[in-house]
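Letter by letter, the chains look like this.
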Amino acid sequence: MIQRIQSVYLVLALVLSVVTAFAGHHSWPLMAVQLGIAVLNLYTIFIYKHRNRQSLYCLVAIFLHFGWYIGLIVYSKHVAPDAQNFQLAWPDVMPMISVILTFLARRAILADEKMVRAADRLR
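Procedures and definitions
Residues numbered from 1 in each chain as written. Predicted model: local features only at pLDDT ≥ 70, side-chain atom pairs only at ≥ 80, totals over all residues. Heavy atoms only, no water. Helix = DSSP H or I, 4+ residues; strand = E, 2+ residues; numbered from the N terminus. Buried < 20%, exposed > 50% of the residue type's maximum accessible area, 1.4 Å probe, protein only. Contact = heavy atoms within 4.5 Å. Patch = residues over 30% accessible without salt bridge, like charges linked within 9 Å, V, L, I, M, F, W, Y side chains within 5 Å. Areas by Shrake-Rupley, 256 points an atom, 1.4 Å probe, with all protein chains shown as cover. Salt bridge = Lys/Arg side-chain N within 4 Å of Asp/Glu carboxyl O. Expected span 1.5 Å × (residues − 1). Axes fitted to C-alpha atoms, helices over the stretch in contact; angles between N-to-C directions. Parallel < 35°, antiparallel > 145°, perpendicular 65-115°, else oblique. Nonpolar A, V, L, I, M, F, W, Y, C, P; charged D, E, K, R; others polar.

Novice: Honestly, the overall build of the protein chain in this entry has me stumped. Any pointers?
Specialist: A tally of helices and strands in the protein chain yields 4 helices and 0 strands. Taken over 123 residues, the protein chain has a buried fraction of 37%. In the protein chain, 73% of the contacts between residues at least 6 apart in sequence involve partners at least 24 apart.

Below you can see the structure in the form of structure tokens.
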């Protein structure tokens with residue numbers, strides 16, 4: 001269901017990932033990771049009937065964001081043309097906001113799963 005709150009969180013995380021991919025002027029592997037996270041978030045929205053898998057994919061997206069930050073650190077220290085003058089820009093903060101939104105989505109998914117299991121016990 002698209003109208004669930006976790007879907008809203010995941011759409012916002014998806015938008016932030018796409019904006020980061022195209023607004024951040026880093027290397028193409030960092031852009032590819034952000035686009036991969038965006039695709040994963042989009043897929044996660046539409047598998048709403050499988051809440052356990054949704055929760056797992058949210059966790060994978062969070063770990064991919066942290067991997068993106070590790071890649072950004074490596075890029076800024078070793079690969080960037082002016083590594084000494086490298087500064088974080090506003091698109092570099094967006095993945096952390098996306099991590100928070102994905103965490104909130106996962107928490108809402110787990111709450112839905114708990115509610116469904118409680119309802120199944122009552123039958």
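Novice: What exactly am I supposed to notice about a nonpolar patch on the surface here?
Specialist: Side chains of Val11, Val15, Val19 and Trp90 sit close together on the surface and give an oily, nonpolar patch of about 350 Å² of accessible area. Tracing the sequence through the fold places valine 11 in helix H1 (residues 5-23). The partly exposed category is assigned to valine 11, whose relative accessible area is 35%.

Novice: Is there a simple way to explain helix H3 (residues 51-79) in this structure?
Specialist: With 29 residues, H3 should reach 42 Å at 1.5 Å per residue; the first-to-last C-alpha distance of 40 Å fits that figure. Regarding H3, the residues found buried are Arg51, Gln54, Ser55, Cys58, Ala61, Ile62, His65, Trp68, Tyr69, Leu72, Tyr75 and Ser76.

Novice: Is there a simple way to explain the packing of helix H2 (residues 28-45) against H3 in this structure?
Specialist: Two measures define how a pair of helices packs: the angle their axes make with one another and the distance between the axes. At a minimum axis distance of 10 Å, the contact between H2 and H3 shows a crossing angle of 170°. As summarised for this structure, H2 and H3 are arranged roughly antiparallel, according to the angle between their axes. Judged by residue contacts, Leu30, Val33, Gln34, Ile37, Leu40, Asn41, Tyr43, Thr44 and Ile45 of H2 engage Arg53, Gln54, Tyr57, Cys58, Val60, Ala61, Leu64, His65, Trp68, Gly71, Leu72 and Tyr75 from H3. Split by residue class, the contact of H2 with H3 holds 14 nonpolar, 6 polar and 1 charged.

Novice: Looking at this model, I keep getting lost on the side chain of glutamate 113. Mind explaining?
Specialist: Along the chain, glutamate 113 turns up in helix H4 (residues 94-122). A relative accessible area of 12% places glutamate 113 in the buried class. Setting aside chain neighbours within four positions, we find glutamate 113 in contact with Arg51 and Asn52.

Novice: Looking at this model, I keep getting lost on the side chain of serine 55. Mind explaining?
Specialist: Mapped onto the fold, serine 55 is located in helix H3. What serine 55 contacts, discounting residues up to four positions off in sequence, is Arg106, Ile109 and Leu110.

Novice: Help me understand H1, please; the structure alone is not making it clear to me.
Specialist: Residues lying three or four places apart along an α-helix face the same way, a consequence of the helix completing one turn every 3.6 residues. The end-to-end C-alpha distance of H1, which contains 19 residues, comes to 27 Å, matching closely the 27 Å that a straight helix rising 1.5 Å per residue would cover. Listed as buried for H1 are Gln6, Ser7, Leu10, Ala13, Leu14, Leu16, Ser17, Thr20 and Ala21.

Novice: Would you mind going over the pattern of salt bridges with me for this structure?
Specialist: Pairing is possible between side chains of opposite charge, provided their charged atoms come close. Tallying each qualifying case throughout the model produces 3 salt bridges. Of the charged contacts in the structure, one is a salt bridge between arginine 117 and glutamate 113, with a shortest N-O distance of 2.8 Å. One end of the pair is arginine 117 and the other is glutamate 113, both in helix H4 and 4 residues apart, which spans about a single turn. Given a relative accessible area of 49%, arginine 117 falls into the partly exposed group. One network of salt bridges, with partners in common, ties together Arg51, Glu113 and Arg117.

The analysis is restricted to geometry; functional conclusions fall outside its scope.
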